[in-house]
Amino acid sequence: MKVELEQWSGTKATVYVPTTSNAWKEIAIPISSFAGVDLATIKGLFEITSDTATTFYIDYVRWTKGIVRIYGDSG
């Protein structure tokens, strides 16, 4: 499974998450893992996809620290 952040320009940063063998597992991904994108111009909060045919469930996605600004009009 991969988790991506994408800038409006189309640049993406990807973090790959290994399989959990049919078991629920809490996974924490530090925002610093998404190197190479400007966090001030993120298109969406995240994209979660898989490169292979599989079924996965996502539950309780949350930010654990810091401030997330969904919109900022800084001029």
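Here, the structure is the one placed above.
In this text the structure is predicted, and so the values were computed from the model without any measurement.

Trainee: Whenever I open this one, the nonpolar core confuses me. Can you help?
Mentor: Soluble, globular proteins show a tendency: their nonpolar side chains are buried together. Of all hydrophobic cores here, the largest spans seven residues; its members are Val3, Leu5, Ala13, Val15, Val17, Phe34 and Val37. Taken together, the elements giving at least two residues each to this core come down to strand S1 (2-6) and strand S2 (12-16). Residues contacting Leu5, with those up to four places away along its chain left out, are Thr11, Lys12, Ala13, Ile31, Phe34, Val37, Leu39, Ile42, Gly44, Leu45 and Phe46.

Trainee: Quick question: what am I supposed to make of the sheet that holds S1 here?
Mentor: Backbone hydrogen bonds are what pair the strands of a sheet, in a parallel or an antiparallel way. One open sheet accounts for three strands, arranged S2-S1-S3; its pairing is antiparallel. Each edge of the open sheet is held by one strand with a lone partner, namely S2 and strand S3 (47-49). Neighbour to neighbour, the strand axes of the sheet diverge by 25° on average, direction disregarded.

Trainee: Even after reading the chapter, I still don't get the pairing of S1, so can you show me in this structure?
Mentor: Most of S1 sits out of view: five of its five residues are buried. Residues Lys2, Glu4 and Glu6 of S1 are buried on one face, and the alternating residues Val3 and Leu5, pointing to the opposite face, are buried as well. Of the pairings in the sheet, the one linking S1 to S2 comprises five bridges and is antiparallel in character. If you follow Val3 over to S2, its bridge partner there is Val15. Here S1 folds back onto S2 in antiparallel fashion, the turn holding five residues, of which Gly10 has a positive phi close to 105°. Judged from the three bridges that link them, S1 and S3 form a sheet pairing that is antiparallel. Paired with Val3 across the strands is Ile48, a residue of S3.

Parameters at a glance
Residues numbered from 1 in each chain as written. Predicted model: local features only at pLDDT ≥ 70, side-chain atom pairs only at ≥ 80, totals over all residues. Heavy atoms only, no water. Core = buried A, V, L, I, M, F, W, Y, C linked by side-chain atoms within 4.5 Å. Buried < 20%, exposed > 50% of the residue type's maximum accessible area, 1.4 Å probe, protein only. Helix = DSSP H or I, 4+ residues; strand = E, 2+ residues; numbered from the N terminus. Contact = heavy atoms within 4.5 Å. Pairing = 2+ DSSP bridges. Axes fitted to C-alpha atoms, helices over the stretch in contact; angles between N-to-C directions.

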